[in-house]
Amino acid sequence: MRNFSIFYRTFLVCSVIGFVIDFFFNGFQIVLIDVILDCVMNLLFGAISVYICGEFERSMDMDDALKFLKENCINVIERDDVIVGRLSKYKEFYMGNIQYDKVRRVMTGSKVIVKKRN
């Protein structure tokens, strides 16, 4: 579900930007072929963003996870069985937050952030 959200947000943002740019460059007229080509490109951008920012799980010890969260997140919130690392607003919009499950000992989050090595 998270990957669909990333795809949907990227598609919408690129569609709005592309439509506004096409509208101004075409003399305030809508050209059907430009809209179709923009939709194809936006689908491609959405697929690329899911590949880059998609959900990824990485097993990790608790100490390493806390260190990783403190280095990469703005705020760390500890709940019963889960530790949540909040990202900056822009990153959170596309990638959500990073979560560490204490029971499963698995960190879940965006592939770009969680997969990188320390």
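Since we're looking at a predicted model, the values are computed, not measured.

Analysis parameters
- Residues numbered from 1 in each chain as written.
- Predicted model: local features only at pLDDT ≥ 70, side-chain atom pairs only at ≥ 80, totals over all residues.
- Heavy atoms only, no water.
- Core = buried A, V, L, I, M, F, W, Y, C linked by side-chain atoms within 4.5 Å.
- Buried < 20%, exposed > 50% of the residue type's maximum accessible area, 1.4 Å probe, protein only.
- Helix = DSSP H or I, 4+ residues; strand = E, 2+ residues; numbered from the N terminus.
- Contact = heavy atoms within 4.5 Å.
- Salt bridge = Lys/Arg side-chain N within 4 Å of Asp/Glu carboxyl O.
- Phe/Tyr/Trp six-rings, centres within 6.5 Å; stacked < 30°, edge-to-face > 60°.
- Axes fitted to C-alpha atoms, helices over the stretch in contact; angles between N-to-C directions.
- Left-handed = near helix turned anticlockwise from the far one by under 90°.
- Nonpolar A, V, L, I, M, F, W, Y, C, P; charged D, E, K, R; others polar.
- Pairing = 2+ DSSP bridges.

1. Focus on the nonpolar core
Counting 16 residues, the largest nonpolar core has Met60, Phe68, Leu69, Ile98, Tyr100, Met107 and Ile113 as its most contacted members. Contributing elements (two or more residues each) for this core: α3 (62-72), α4 (89-95), β4 (98-101) and α5 (111-114). Counting residues per element, this core draws most heavily on α3, at 3 residues. Those residues in contact with Met60, other than ones at most four positions away along the chain, are Ala65, Phe68, Tyr100, Arg105 and Met107.

2. Overview of the pattern of salt bridges
In this structure the tally under the stated criterion is 3 salt bridges. With a shortest N-O distance of 3.2 Å, Glu57 and Arg104 are connected by a salt bridge. Taken together, the residues span a long stretch of sequence, with Glu57 in strand β1 (residues 55-59) and Arg104 in the loop between β4 and β5 (106-110) at a distance of 47 residues.

3. Comments concerning the packing of aromatic side chains
Taken as a whole and judged by the stated rule, the model has 4 aromatic pairs. Ring geometry for Phe7 and Phe11: centres 6.3 Å apart, planes at 15°, overall stacked. One end of the pair is Phe7 and the other is Phe11, both in helix α1 (residues 2-25) and 4 residues apart, which spans about a single turn. Residue classification places Phe7 among the partly exposed positions, given a relative accessible area of 23%. For the pair Phe23 and Phe24, a centre-to-centre distance of 6.1 Å together with 70° between the ring planes defines the contact as edge-to-face.

4. Description of the packing of α1 against helix α2 (residues 32-53)
With their axes 8 Å apart at the nearest point, α1 and α2 run at an angle of 145° to one another. Between α1 and α2 lies a crossing of right-handed hand. Mapping the contact onto sequence places Asn3, Ile6, Phe7, Thr10, Phe11, Cys14, Ser15, Gly18, Phe19 and Asp22 in α1 and Asp34, Asp38, Cys39, Asn42, Leu43, Phe45, Gly46, Ala47, Ser49, Val50 and Cys53 in α2. A class-by-class count of the residues in the contact of α1 with α2 yields 11 nonpolar, 7 polar and 3 charged.

5. So, the sheet that holds strand β3 (residues 82-86)
Spatially, 5 strands are ordered β1-β5-β4-β3-β2 in an open sheet, and the strand pairing comes out antiparallel. The sheet is open, and its two edges are formed by β1 and β2 (75-78), each paired on a single side. The average undirected angle you get between the axes of adjacent strands in this sheet is 20°. Two elements, β2 and β3, share 4 bridges in a ladder whose sense is antiparallel.

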